[in-house]
Amino acid sequence: LLQQLNLLETLMRRDDSLETLREAVATIEGLLAHINLATDRSTILGLEGSAAAAYFRALSSALPQELQFSRRSKRPPKDVVNACLSYGYAILLGECVGAIAAAGLDPAIGVLHQPDGRRPSLALDLMEAFRPLVVDRAVIDRCRRGGITAAHGQADSSNHGVSLTAEGKRRLVDAYENRM
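An account of the accompanying structure is given in this report. (Residues numbered from 1 in each chain as written. Predicted model: local features only at pLDDT ≥ 70, side-chain atom pairs only at ≥ 80, totals over all residues. Heavy atoms only, no water.)

What about the overall build of the protein chain?
Helix and strand counts for the protein chain come out as seven helices and two strands. When the helices and strands of the protein chain are listed from N to C terminus, the series reads α-α-α-α-α-α-β-β-α. Relative to its length of 180 residues, the protein chain is compact, with a C-alpha radius of gyration of 17 Å against a globular reference of 16 Å. With the C-alpha coordinates of the protein chain rotated into their principal frame, the extents come out at 40 × 35 × 30 Å. Residue burial in the protein chain is summarised as follows: out of 180 residues, 41% are buried. Across the protein chain, the fraction of contacts at a sequence separation of at least 24, relative to all contacts at a separation of at least 6, is 59%. By element, 53% of the accessible surface of the protein chain is carried by carbon and sulfur atoms, the whole surface being about 9,500 Å². Side-chain charges in the protein chain split into 21 positive and 21 negative, and the spacing between the mean points of these groups amounts to 3 Å. (Helix = DSSP H or I, 4+ residues; strand = E, 2+ residues; numbered from the N terminus. Rg over C-alpha atoms; globule rule 2.2 N^0.38 Å. Buried < 20%, exposed > 50% of the residue type's maximum accessible area, 1.4 Å probe, protein only. Contact = heavy atoms within 4.5 Å. Areas by Shrake-Rupley, 256 points an atom, 1.4 Å probe, with all protein chains shown as cover. Lys, Arg positive; Asp, Glu negative; His and termini not counted. Charge placed at Lys NZ, Arg CZ, Asp CG, Glu CD.)

Right, here's the structure in full:
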């Protein structure tokens, strides 16, 4: 949550006219105060979910009109920005799994993301801190500068979602690598 808050505050410094950004910052700050009082995992996850809804609503408002989205959608992504986020998170997850394995740890044993079969729960926990810093920032910056547009998405008839074009993937990977 702290890194989400940091990104929103950075966006506010660039454009303080977006009321949605101010509202999301206030919401997340309020939720952070409650996390210290949380006594169980489900409460923490509920607070995180509330923060995520405000965060993604604010991110959308900071984008060009053609790229704004109504909510975070994953399986399948329903728009270009969500497709970028999902693709970027998949890249980041792979790097986290590799780093955890290189350290000799088991990527399947997590704290907030509970072990569930083959899911790399520890890697999912680790990447939470880096998502806003690396992926979200790369996506927002590239979209705001016109490097990724609605034309970089294509309808995916197999799942009724949107996937990135080859050029969209290339541009996202470039932005991701620049952030890293």
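So much for the structure itself; the text now carries on.
Let's talk about unusual backbone geometry
Following arginine 75, the chain continues into proline 76 via a peptide bond in cis, with omega recorded as 5°. Tracing the sequence through the fold places proline 76 in the loop between α3 (41–61) and α4 (80–102). At histidine 160, a residue that is not glycine, the phi angle is positive and equals roughly 60°.

Concerning the pairing of strand β2 (residues 161–164)
Pairing of strand β1 (residues 153–156) with β2, which is carried by four bridges, proceeds in the antiparallel orientation. Across the sheet, residue glycine 153 finds its bridge partner in β2, namely leucine 164. Adjacent in sequence and paired antiparallel, β1 and β2 are bridged by four residues, among which histidine 160 carries a positive phi angle near 60°. (Pairing = 2+ DSSP bridges.)

As for the packing of aromatic side chains
Counted by the stated rule, this structure contains one aromatic pair. With a centroid separation of 5.0 Å and 70° between ring planes, the pair formed by tyrosine 55 and phenylalanine 56 is classed as edge-to-face. A single burial state applies to tyrosine 55 and to phenylalanine 56, both of which are buried. Note that arginine 72 overlies the ring of phenylalanine 56, its terminal NZ or CZ placed 6.0 Å from the centroid. (Phe/Tyr/Trp six-rings, centres within 6.5 Å; stacked < 30°, edge-to-face > 60°. Lys NZ or Arg CZ within 6 Å of the ring centre and 35° of its normal.)

Regarding the nonpolar core
In this structure, Leu8, Phe56, Leu59, Val81, Val135 and Val139 are the most contacted members of the largest nonpolar core, which totals 44 residues. Mapped by element, the contributors of at least two residues to this core are α1 (2–14), α2 (19–35), α3, α4, α5 (121–127), α6 (131–144), β2 and α7 (166–179). Residues contacting phenylalanine 56, with those up to four places away along its chain left out, are Phe69, Arg72, Leu85, Tyr89 and Arg131. (Core = buried A, V, L, I, M, F, W, Y, C linked by side-chain atoms within 4.5 Å.)

Focus on the packing of α4 against α6
As a packed pair, α4 and α6 sit with axes 10 Å apart at the nearest point and diverge in direction by 145°. Note on packing geometry: the crossing formed by α4 with α6 is right-handed. In contact with Val81, Cys84, Leu85, Gly88, Tyr89 and Leu92 of α4, α6 contributes Arg131, Val135, Asp136, Val139 and Cys143. Of the residues contributing to the contact of α4 with α6, the split by class is eight nonpolar, one polar and two charged. (Axes fitted to C-alpha atoms, helices over the stretch in contact; angles between N-to-C directions. Left-handed = near helix turned anticlockwise from the far one by under 90°. Nonpolar A, V, L, I, M, F, W, Y, C, P; charged D, E, K, R; others polar.)

Things to note about the side chain of serine 73
Position of serine 73 relative to the elements: it lies in the loop between α3 and α4. Accessibility expressed as a relative area gives 5% for serine 73, which makes it buried. A distance of 2.9 Å separates the side chain of serine 73 from the backbone nitrogen of lysine 78, its partner in a polar contact. (Polar contact = N/O pair within 3.5 Å; in protein donor to acceptor, adjacent residues only side chain to side chain.)

Some points on the state of the cysteines
Applying the stated rule across the entire model yields zero disulfides. Sulfur of cysteine 84: no disulfide; nearest cysteine sulfur belongs to cysteine 143 and is 5.3 Å away. Residue classification places cysteine 84 among the buried positions, given a relative accessible area of 0%. (Disulfide = S-S within 2.5 Å.)

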